[in-house]
Amino acid sequence: MIVNVLTTAPLDMAYSYEAPESTALGAYVKVPFGKREIWGVVWGYGQASDKDLKTILEIAECPPMNEVMRSFIDKIGHYNIVPKGLFLKTAITGADKFKVLKRGKPKIYEKKYNLDVGPELTNEQLKAVHDIHATFDQPRPVLLDGITGSGKTEVYLEAVTATLSKGQSVLIMVPEIALTNAVIDRLTQRFGAKPAIWHSQMTPAQRRNIWNAVARGEELLVIGARSALFLPWRDLGLIVVDEEHDQAYKQEDMPIYNARDMAVLRAHLGKIPIILASATPSLETMHNVWTDRYKSVELRHRFGAANPPSLHVIDMRKDRSDKGLFIGNTLKQAIDQSLESKEQTLLYLNRRGYAPLTLCKACGEKVTCPHCEAWLVEHRNTKMLKCHHCDYTIKQPDACPSCDETDSLVPCGPGVERIAEEVKELWPEAKMEILTSDTSTDVSHLQNTLQRMQDNDIDILIGTQMIAKGHHFPNLTCVGVVDADLGLAGGDLRAGERTYQLLTQVSGRAGREEKAGHVWLQSYKPEARVMKALLSNDRDQFLEIEASEREIGRMPPYTRLVALIIKSKNQNHAQTIARQLYQIAPDIKGLDVWGPAQAPLSKIRDQWRFRFLLCAEKTLNIQPIIKTWVEAIKTPNGTTITVDMDPQNFL
């Protein structure tokens, strides 16, 4: 028989091969492809041909990829204008070449999990559970919209419990590995068994074992990052997207996609429920609620005796430190009081390292990366300067690389290491810890630090975005945001929304049990709308104003943005292709084409970058237009045109 095989090559086409008569649709097969042998999936059946076709080499002994997953890969490739072979590669990466795929006895989860165990829910939570379950017969996306500390996890775990009791699988998606620890503990305690974990730091053996267990229907409960969507689910019955607003759900490298949005597509194709949980929902999700595409279920009270923390905006134009430190006087007094009361403090600054810029005070030279148009970040703990775009690293120089002046290099601006230095100076006896992606290079260190914080073994925790959400520290009462204005710069259309989300999330770590929490926001723009909205605790009005401005400006969620990025190590090649694209740019009603322009970060990893930004009416079928436009240009070797549908990053 003739079968059409989609391979893991970066292509959209399925190729014809001869195969045994018993070859199933969706079977995983190894095929000759040029001079290589690669894996693929039987995507369909072909017609008899006079051509001399090659024969498939091997059929994997595992359940075939089902129709829903094949349709998902087709549609996600089409929507994102990404060769679907790249998404297939994502879907079978964990299989490890199918070396150990053997049929096994399915795990009986009802015997492993005690499905009746759970905390006593409040009336508000019980109503939320009822409202969510009411959508299960005719599934549509549900936004679980609850303030920080309201018990959203316990509410969606009721839906998880109901799904597992039917023998169906559940995927709980989290944006960052730092959030898995707390959820795992809750699930293990509730169900009596540890769920599977799927993330980028797993070993190949761990990936293989989980992939096989899911394929065989043995593993029904997985907590995972973006790529967990592509696991070989046999009977997926529920998807939960925790912290749905988080930017980390957008994969910026190929294949480019937004895992939150694609999770909604996956649920739609499988006709299964999906819960999007957040204390600070994205404007896109809220727009879907306002237009009745999603159902909203609200939790407006904290669980138990906890009350929302008190917020204080500190005007740093008036409240500078006596010693010229980045921790101002008011925040210092708050930390003093917290330490005297034997309570914990969290200091938040979304900047890794010691200082974001090293400047020569003799010649004004800014020390930059030779491979990127970006400053090198000082990491004083390791005495290195590092590029956070390409990981280029050098030892901290004694003299200026430009003028050779010695002792002239000075750090500009604070990173978490600089804040830690101030903490040591102000409170030398306090137990202090830094938590960033630099300091937590493995999962065990991250988990250990979070556990020590929960056990009250840390007095002051200093960290970046990875400590801003999802964590529950019972004795944490004081949260200080060193630079609350940081996210407002740069011209990003979502700058205000994201700043509001981050500050709300980090504020929500304070006072989660009986002790009152206080949050101190150091700002040079206390009059900014974000700060006023946080103080007034009026999120809905803030979102309505944001939405109104977006609608007037014809920005998402009222239109669709698409970015085209031209990249090449040869700057002239990149610029030439950008000009050629401009000359044949589509002139269509409902579509605005802006650019080309040199990217704000014009060079990353030795590649020069030029960008177009397209703004399309949502009624316009934009994908074939872009595909025809891009395919009309022949690019020289080493030059690429990348499409970013619904971009989140404009640098």
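If you're wondering where the values come from, they're calculated on a predicted model, not measured in any experiment.

Trainee: Residue-level account of the pattern of salt bridges, with values.
Mentor: Using the criterion set out here, one finds 35 salt bridges in the structure. Of the charged contacts in the structure, one is a salt bridge between D74 and K84, with a shortest N-O distance of 2.8 Å. Placement of D74 in helix α1 (residues 67-80) and of K84 in helix α2 (residues 84-92) is noted, with a sequence separation of 10 residues between them. According to the relative accessible area criterion, D74 is partly exposed, its value standing at 29%.

Trainee: Please give an account of the nonpolar core that cites residues and values.
Mentor: Residues L229, I239 and L564 are the most contacted members of the largest nonpolar core, which totals 109 residues. In terms of residue count, helix α8 (residues 259-270) provides more of this core than any other element does, 7 residues in total. Aside from chain neighbours lying at most four places away, what touches I239 is L171, M173, L229, A263, R266, A267, I272, P273, I274 and I275. Of all hydrophobic cores here, the second largest spans 31 residues; its members include L121, F136, V174 and I223.

Trainee: How would you summarise helix α7 (residues 204-215) if you had to cite specific residues and measurements?
Mentor: In an α-helix there are 3.6 residues to a turn, and that puts residues three or four apart on one side. Compared with the 16 Å implied by 1.5 Å per residue over 12 residues, the 16 Å span of α7 between its first and last C-alpha is a close match. What α7 keeps buried is the set R207, R208, I210, W211, N212, A213, V214 and A215. Its buried side turned inward, α7 meets β3 (28-33), α2, β8 (196-198) and β9 (221-224). Downstream of α7 by one or two residues, G217 has phi in the positive range, about 80 degrees.

Trainee: Can you break down the packing of α1 against α8 residue by residue, with the values?
Mentor: Two elements in contact, α1 and α8, have axes separated by 10 Å at closest approach and are oriented at 140 degrees. The angle between α1 and α8 falls in the class oblique. As for the relative orientation of α1 and α8, their crossing is right-handed in sense. Residue-level inspection shows V68, M69, S71, F72, K75, I76, Y79 and N80 of α1 in contact with α8, the latter providing M262, L265, R266, L269 and G270. Residues belonging to the contact of α1 with α8 are distributed by class as follows: 8 nonpolar, 3 polar and 2 charged.

Trainee: Describe the environment of R208, naming the residues involved and giving the relevant values.
Mentor: As for its position among the elements, R208 is in helix α7. Spatially, the C-alpha atom of R208 lies 23 Å from that of V5, the residues being 203 residues apart in sequence.

Trainee: Break down the pairing of strand β26 (residues 559-568) for me, with residues and values.
Mentor: Most of β26 is tucked away: 9 of the 10 residues are buried. Here β26 pairs with strand β28 (residues 607-617) via 10 bridges, running antiparallel. Note that in β28 the partner of I566 across the bridge is F610. Pairing analysis gives 7 bridges linking β26 to strand β29 (residues 639-645), with the strands arranged antiparallel. Following the sheet pairing, S568 is matched in β29 by T639.

Trainee: I'd like a description of helix α11 (residues 416-426), backed by residues and values.
Mentor: Burial within α11 is extensive, with 8 of its 11 residues counted as buried. Residues of α11 that are buried include every one of V416, E417, R418, I419, A420, E422, V423 and L426, and no others.

Trainee: Give me the lowdown on the packing of α1 against α2, citing residues and values where you can.
Mentor: Where α1 meets α2, the closest approach of the two axes is 8 Å, and the angle between their N-to-C directions is 130 degrees. Comparing their axes, α2 and α1 come out oblique. Considering how the two elements wind past one another, α1 and α2 form a crossing that is right-handed. Across from I73, D74, I76, G77 and N80 in α1, the residues of α2 making contact are K84, F87, L88 and A91. Of the residues assigned to the contact of α1 with α2, the class counts are 5 nonpolar, 2 polar and 2 charged.

Reading the values: rules and limits
Residues numbered from 1 in each chain as written. Predicted model: local features only at pLDDT ≥ 70, side-chain atom pairs only at ≥ 80, totals over all residues. Heavy atoms only, no water. Salt bridge = Lys/Arg side-chain N within 4 Å of Asp/Glu carboxyl O. Helix = DSSP H or I, 4+ residues; strand = E, 2+ residues; numbered from the N terminus. Buried < 20%, exposed > 50% of the residue type's maximum accessible area, 1.4 Å probe, protein only. Core = buried A, V, L, I, M, F, W, Y, C linked by side-chain atoms within 4.5 Å. Contact = heavy atoms within 4.5 Å. Expected span 1.5 Å × (residues − 1). Axes fitted to C-alpha atoms, helices over the stretch in contact; angles between N-to-C directions. Parallel < 35°, antiparallel > 145°, perpendicular 65-115°, else oblique. Left-handed = near helix turned anticlockwise from the far one by under 90°. Nonpolar A, V, L, I, M, F, W, Y, C, P; charged D, E, K, R; others polar. Pairing = 2+ DSSP bridges.

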